[in-house]
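Coordinate inspection notes
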Amino acid sequence: MIRQTARLANQLSSAAAARGRAQNVLARTFSTARRPTPVVRAEAKQGEVDPEEVFAAIDTNKDGVLQKEEFLRAVEMLHYQDLLKISKAIARNELSYETEHASAHEAESFGQLMARRIQVTAEVAVSKLFPAGFGWQTAATFAEGAGMDAANMDFALATGLGDGLGVALGHTAWMAGKKMITGDEEIDVTAQAQTGIFLGSAAVCSGGAWQPFVNTLQAAGFGFNSSLVLTAGCGTLAFFSGLRIFRAIYAPIFSGVEEATYANLKADAALSAAVGGAAGCFVGTDVSYAAANWLRPLVGVEETTAAVTASVLAGSSTALGFTVVQMGENAIYPKNKCWVD
């Protein structure tokens, strides 16, 4: 625990000598740009930093308690990139508000909290969920034109790729445009492109699973409402599985993708539930459910619907489903517990 102290004067004599040691250990521990092989305990895994040594380096007066002045000196030694890494570690996942902002708004009212969450929700819906549905439907149009049957796996693969491509391009274009318009130098377009590839790869899983799963439900005689709910569950599981699999693959090679942690495990699960809402609402584009499809007036894709209009309706359905579920999460999650925070 960090606490105020009046013993700063007693520490000054030993601080100068300890500062050099602390700088060496902290640089070794935190800096990716100039990190030699970290010091580890004998029983620790290779590459694992010993937290006891880090604490000892910061605790310059060796009283076993981390004083405020000692902490401030340690922070002064950190490289800017180290602080960015800490900020990312605090964030829930790659899409969290905290990923782009160095500090949380500790004095936020509930109204301000909701406004911020709604802003992030809207950005994600527009930049990723709409392009996902748009890409899926556009790929379906081309697949049908190429003679693919919706009952076959080549159709599922084509639409899954269209879904993933829409997410990857949508996210990257949005962040690049946001940086250009706002002049926000903290937006790393390269890292954001990597995040887009990561999210798009997970979307291939959920997008590719959608048609075969809906076909199975229809063959089994399930109605519209039950199909919507079950497809939402399928989309949640498929997207979550994709996130965890591709996080393990991309984290070692992409700076824009964080390695798997318990914090982003929970965040990925909550995000996947909202994406599941998009998959469920996407069932509303299928007019074969006839009058049972109460989403048909909003997003139903009729036989006579033009291809571009069909893609827009599909994108609108996924954005709508995501937003409905996410607004529920925004309302019930405590502050700093929701993935958008």
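None of the values given here were measured: they were computed from a predicted structure.

**A closer look at the packing of aromatic side chains**
Aromatic ring pairs: the centre-centre distance and the angle between the two ring planes describe each pair. Per the counting criterion, the structure on display carries 9 aromatic pairs. Seen from their ring centres, Trp136 and Phe282 are 4.9 Å apart, and the 80° between their planes marks the pair as edge-to-face. Residue Trp136 is located in helix α6 (residues 110–145), and its partner Phe282 is located in helix α10 (residues 262–282); the two are separated by 146 residues in the primary sequence. Taken together, a centroid distance of 5.0 Å and an interplanar angle of 20° make the contact between Tyr250 and Phe254 stacked. A residue is classified by how much of its surface remains accessible, and Tyr250, at 13% relative accessible area, is buried. Three or more aromatic residues joined by ring pairs form one cluster here, namely Trp136, Phe155, Trp210 and Phe282.

**Section: the side chain of Ser201**
Secondary-structure assignment places Ser201 in helix α8 (residues 189–219). For Ser201, a relative accessible area of 12% corresponds to the buried category. When near neighbours in sequence (up to four residues on either side) are disregarded, Ser201 contacts Phe246 and Tyr250.

**Some points on the pattern of salt bridges**
Counted under the stated rule, the structure contains 6 salt bridges. Two residues, Asp341 and Arg117, come together in a salt bridge whose shortest N-O distance is 2.7 Å. Residue Asp341 is located in the segment after α12 (307–332), and its partner Arg117 is located in helix α6; the two are separated by 224 residues in the primary sequence. The exposure classification of Asp341 matches that of Arg117, with both residues buried. Residue Arg247 is joined to Asp268 by a salt bridge in which the shortest nitrogen-to-oxygen separation is 3.0 Å. With Arg247 in helix α9 (residues 224–250) and Asp268 in helix α10, the pair connects residues that are 21 residues apart, well separated along the chain. Of the two residues, Arg247 and Asp268, both sit in the buried class.

**Notes on the nonpolar core**
Within soluble globular proteins, side chains that are nonpolar tend to cluster in buried spots. Counting residues in each nonpolar core, the largest one holds 28 residues, and the members touching the most others are Phe198, Phe239, Leu243, Leu271, Phe322 and Trp339. Elements represented by at least two residues in this core include exactly α6, α8, α9, α10 and α12. Element by element, the count of residues in this core is highest for α10, at 6 residues. Not counting chain neighbours up to four residues away, the residues in contact with Phe239 comprise Leu199, Ala202, Ala203, Ser206, Leu271, Ser272 and Val275. Counting residues in each nonpolar core, the second largest holds 17 residues, with Val214, Leu228, Val283 and Ala314 among its members.

**Brief notes about the packing of α6 against helix α7 (residues 153–182)**
Between α6 and α7, the least distance of the axes is 7 Å, while the angle of their chain directions is 145°. As for the relative orientation of α6 and α7, their crossing is right-handed in sense. Each of Glu123, Val126, Ser127, Lys128, Pro131, Ala132, Gly135, Trp136, Ala139, Ala140, Ala143 and Glu144 in α6 lies in contact with α7, whose residues at this interface are Phe155, Ala158, Thr159, Gly162, Asp163, Gly166, Val167, Gly170, His171, Trp174 and Lys178. When grouped by side-chain class, the residues that make up the contact of α6 with α7 number 11 nonpolar, 7 polar and 5 charged.

**Topic: α10**
Helical geometry note: an α-helix holds 3.6 residues per turn, so side chains three or four residues apart project in the same direction. In this model α10 runs 30 Å from its N-terminal to its C-terminal C-alpha over 21 residues, within 8% of the 30 Å that 1.5 Å per residue would give. Where burial is concerned, most of α10 is hidden: 15 out of the 21 residues are buried.

**Some details on the packing of α10 against α12**
It is the contact of α10 with α12, at a shortest axis distance of 7 Å, that shows an interaxial angle of 140°. With respect to their mutual orientation, α10 and α12 come out oblique. α12 is crossed by α10, and the crossing has right-handed handedness. Packed against α10, whose contacting residues are Ala270, Leu271, Ala273, Ala274, Val275, Gly277, Ala278, Cys281 and Phe282, the element α12 presents Ala314, Ser317, Thr318, Leu320, Gly321, Phe322, Val325, Gln326 and Glu329 at the interface. Split by residue class, the contact of α10 with α12 holds 12 nonpolar, 5 polar and 1 charged.

**What to know about the confidence of the model for the chain**
Summary statistics for the chain give a mean pLDDT of 83 and a share of 76% for residues scoring 70 or more. Across residues 1–23, confidence stays below pLDDT 50; counting only partners more than four residues off in sequence or on other chains, it has 32 contacts. Predicted confidence for residues 25–47 stays below pLDDT 50, and this span has 44 contacts to residues more than four positions away or in other chains.

**Overview of the side chain of Asp163**
Take Asp163: it is sitting in helix α7. No salt bridge forms around the buried Asp163; measuring N to O, its nearest opposite-charge neighbour Lys128 is 12 Å away. Apart from the residues within four sequence positions on either side, Asp163 is in contact with Ala132, Gly135, Trp136, Ala203 and Gly207.

Definitions and cut-offs
- Residues numbered from 1 in each chain as written.
- Predicted model: local features only at pLDDT ≥ 70, side-chain atom pairs only at ≥ 80, totals over all residues.
- Heavy atoms only, no water.
- Phe/Tyr/Trp six-rings, centres within 6.5 Å; stacked < 30°, edge-to-face > 60°.
- Helix = DSSP H or I, 4+ residues; strand = E, 2+ residues; numbered from the N terminus.
- Buried < 20%, exposed > 50% of the residue type's maximum accessible area, 1.4 Å probe, protein only.
- Contact = heavy atoms within 4.5 Å.
- Salt bridge = Lys/Arg side-chain N within 4 Å of Asp/Glu carboxyl O.
- Core = buried A, V, L, I, M, F, W, Y, C linked by side-chain atoms within 4.5 Å.
- Axes fitted to C-alpha atoms, helices over the stretch in contact; angles between N-to-C directions.
- Left-handed = near helix turned anticlockwise from the far one by under 90°.
- Nonpolar A, V, L, I, M, F, W, Y, C, P; charged D, E, K, R; others polar.
- Expected span 1.5 Å × (residues − 1).
- Parallel < 35°, antiparallel > 145°, perpendicular 65-115°, else oblique.
- pLDDT = per-residue confidence, 0-100.
- Lys, Arg positive; Asp, Glu negative; His and termini not counted.

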